[in-house]
Structure formats: C-alpha cells, structure tokens
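Summary of structural features
So the chains spell out like this:
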Amino acid sequence: MREIKFRAYDKKKKKWLAGYDVGSLGGFSLFGEVMLLGEWSHILDTYLMSREGFEPEDLVVMQFTGLKDKNGKEIYEGDVVQTENTVVGQITFYSGHFMLDVGKGVRMYISDEYEVIGNIYQNPELLTP
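Residues numbered from 1 in each chain as written. Predicted model: local features only at pLDDT ≥ 70, side-chain atom pairs only at ≥ 80, totals over all residues. Heavy atoms only, no water.

This part covers the sheet that holds strand 7 (residues 97-103). Read from one edge to the other, the open sheet built from five strands follows the order 8-7-6-5-9, with strand pairing classed as antiparallel. Each having just a single partner strand, strand 8 (106-109) and strand 9 (115-119) make up the two edges of the open sheet. Across the sheet, the mean angle separating the axes of adjacent strands is 40° when strand polarity is ignored. In the sheet, strand 6 (residues 88-94) pairs with strand 7 via five bridges, with the strands oriented antiparallel. In the sheet register, Phe93 faces strand 7, and the bridge partner there is Phe98. (Pairing = 2+ DSSP bridges. Helix = DSSP H or I, 4+ residues; strand = E, 2+ residues; numbered from the N terminus. Axes fitted to C-alpha atoms, helices over the stretch in contact; angles between N-to-C directions.)

Below is the structure:
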C-alpha cells in the first residue's frame, strides 16, 4: 500500500510546515483538497484558526506521490522535476493520477527516474521558458 503523506507550505510566511504520515485516514480526505485530521489537527487548531490575517489560500497542502526521485528524495505535488532528457515540469494531480505537467496541455506519467530540482512555491523561475 502506498504511503499517504502530506506537506504544507505557508505562502505568506514563506516557510514549510512539518509533513506528517496520515495512515489513519486510509487515503480518503477532503479539506478543499485535503481535510486536516488526525495528525494534522494541531495545524487547524493552533495554526490556522488562531492567526490573525490568515487566509485559507495562504496554506498549500501537497500530497506525496508515493515515489522517490533518482536521488532518493520524495516527490510531492508542486515539485519541479526534470527528466533524463531535461524536460522540466511540475508534479500535479490530474484525472486521478499524479502527472508531470510540462505545459501547453502536455502531461506525462511520473517516474522514479526524474530528479526533483525545486518546487513551484520557492522556485517558480524553474518553470519559465
């Protein structure tokens, strides 16, 4: 069974929140895209609900794809990867699958032969032509 893990990025503070294994959810969850329950409940209680000026869109939650790149780094939604042939794109969830979106409607299945070179929040310049 694939590991169900998430990470979150605070776009306002520009920092990562610790990721957690969410095995107790059995893979089914909704909060926008992900409901923060179980191991994530402290984020809802202490992080989201208590911050003045916090907007829900400030927090971006990304799911682990279940794959590691060729260097052993976990691949998450929002990661920017490159292929052996230097095709660069971002990992997205599309039509029930994690895919490599290379732009202009072109998507490829992801592979453990890719290399994570950044993410769309801290390294958006990696996706500009």
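With respect to the element layout, Gly66 can be found in strand 3 (residues 59-68). Put simply, Gly66 and Lys5 are 61 residues apart on the chain and 8.4 Å apart in space, counted from C-alpha to C-alpha.

Another point: the side chain of Thr83. Relative to the helices and strands, Thr83 is located in the loop between strand 5 (79-82) and strand 6. Overall, Thr83 belongs to the buried group, its relative accessible area being 11%. Leaving out residues up to four positions away in the same chain, Thr83 has contacts with Leu100, Met108 and Tyr114. (Buried < 20%, exposed > 50% of the residue type's maximum accessible area, 1.4 Å probe, protein only. Contact = heavy atoms within 4.5 Å.)

This part takes up the environment of Val80. With respect to the helices, strands and loops of the structure, Val80 is situated in strand 5. Val80 gets classed as buried once you look at its relative accessible area, which sits at 0%. Separated by 41 residues in the primary sequence, Val80 and Tyr121 have C-alpha atoms spaced 9.7 Å apart. In contact with Val80, other than residues within four places in its own chain, are Val88, Gly89, Gln90, Glu115, Val116, Ile117, Gly118, Asn119, Ile120, Leu126 and Leu127.

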